Amino acid sequence: MNIEPVSKTINRTPGRNLKSLYKKVFPALLISALAGLAACSTQPKNPSDVYDLQRQAETQIELAGRQADRGNYETSLVLLNEAMRLAVSLDNSSLRIRAGLSRGNVLFALNRSAEAFGDWERAGDEAEKNGGGEMLAVSRVYLARGRLLSGEDPGLAQSVREEVVREMANIKADRLDIAFSWIVIGLSEKALGRYSQAEAALMRSLDIHEKGRHLEQAAYDWFLVASFRSLSGDYEGARRALESALVFDRRVENSYGLASDWRALGDVYKKAGSSGESREAYQRSAEIFRSIGNDEAAAEALGRAE
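Visitor: When you look at the side chain of Glu167 in this model, what are you seeing that I'm missing?
Guide: Note on placement: Glu167 falls in helix H7 (residues 156-168). Residues in contact with Glu167, not counting those within four places in the same chain, are Ala137, Arg140 and Val141.

Pasting the structure below:
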């Protein structure tokens, strides 16, 4: 059983076009609000105001990551499209790269792989034009992760692992990018069937996320660890890992993450032969999914109990 998500953040149902309450209502309101902000910033009242658009773009990239963590990919995409527009208008290479990498992640989660790879490749080209360095290395890690999750070549996992290890030597400033690299290494180890090494890599990521108080990402780390333990037959260890994910997701009030954790617990209990606990976990998952307007995911969770 594979309970593995694909994106950097807690995108726990890769490739599914989610139907949450946010999807239909929030993006339209958000575009109007952003248009108002942009109009207000066109005539700065003092020299310091020239940085308002950059701060706005940075905020939107951060908010987009949070929305993606919670499964609201369409909302995240609206934010990132506007962040990219601002980055282009400012001719800011760093913002263009960051917005492109993040947008590629969201597109990949929406099963728009060709567009995702296009964004990641353009981010890498932009980094290379500006001297390469750390951002070029990060872009290559994103591309490597995309190839790993898209490919079927059994030799791909080893080459991706080796590439990411090489690129990590050039990533020093951003601890979150280092954590992401450890996640990709963990996924490579998992694809190679080396589950203890995969878990060790995720623990390196978890350490960074916990120390930096990035609790949603810490929940994602535990979710992946549960996947590795389940694949190795350690169902009790998988259960404990998912309970840790639940703790973090409750602390940040991540309803989508909580529903995904309970659904994964249902999978673990089912595989372990605990049918009663499995049904209860799927029911709990469905209740949470329904509470956020995701009836499709709720029905899917209940269907697993059959």
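Visitor: I keep staring at the confidence of the model for the protein and nothing clicks. Help me out?
Guide: Interpretation of this model should avoid reading the predicted coordinates in detail wherever pLDDT is low. With 83% of its residues at a pLDDT of at least 70, the protein reaches an overall mean of 86. In the predicted structure, residues 1-11 sits below a pLDDT of 50 and forms 58 contacts with residues beyond four places in sequence or in another chain. In the model, residues 13-45 has pLDDT below 50 throughout and makes 53 contacts with residues more than four positions away in sequence or in other chains.

Visitor: Looking at this structure, I do not really get the packing of aromatic side chains. What am I missing?
Guide: In this description, a pair of aromatic rings is defined by centroid distance and the angle of the planes. Under the definition given, this model contains six aromatic pairs. Here Phe108 and Phe117 contribute two aromatic rings whose centre-to-centre distance is 6.4 Å and whose plane-to-plane angle is 75°, an arrangement assigned as edge-to-face. Taking NZ or CZ as reference, Arg145 lies 5.7 Å from the ring centre of Phe108, over its face.

Visitor: What's the story with unusual backbone geometry in this structure? I'm lost.
Guide: Peptide bonds are trans in most cases, and residues, glycine excluded, mostly fall at negative phi. Although it is not a glycine, Asp91 sits at a positive phi angle of roughly 55°. Assessed through its relative accessible area of 62%, Asp91 is described here as exposed. Residues other than glycine seldom take positive phi values, yet Glu253 does so here, at roughly 55°. Along the chain, Glu253 turns up in the loop between helix H11 (235-251) and helix H12 (255-272).

Cut-off values and rules
- Residues numbered from 1 in each chain as written.
- Predicted model: local features only at pLDDT ≥ 70, side-chain atom pairs only at ≥ 80, totals over all residues.
- Heavy atoms only, no water.
- Helix = DSSP H or I, 4+ residues; strand = E, 2+ residues; numbered from the N terminus.
- Contact = heavy atoms within 4.5 Å.
- pLDDT = per-residue confidence, 0-100.
- Phe/Tyr/Trp six-rings, centres within 6.5 Å; stacked < 30°, edge-to-face > 60°.
- Lys NZ or Arg CZ within 6 Å of the ring centre and 35° of its normal.
- Buried < 20%, exposed > 50% of the residue type's maximum accessible area, 1.4 Å probe, protein only.

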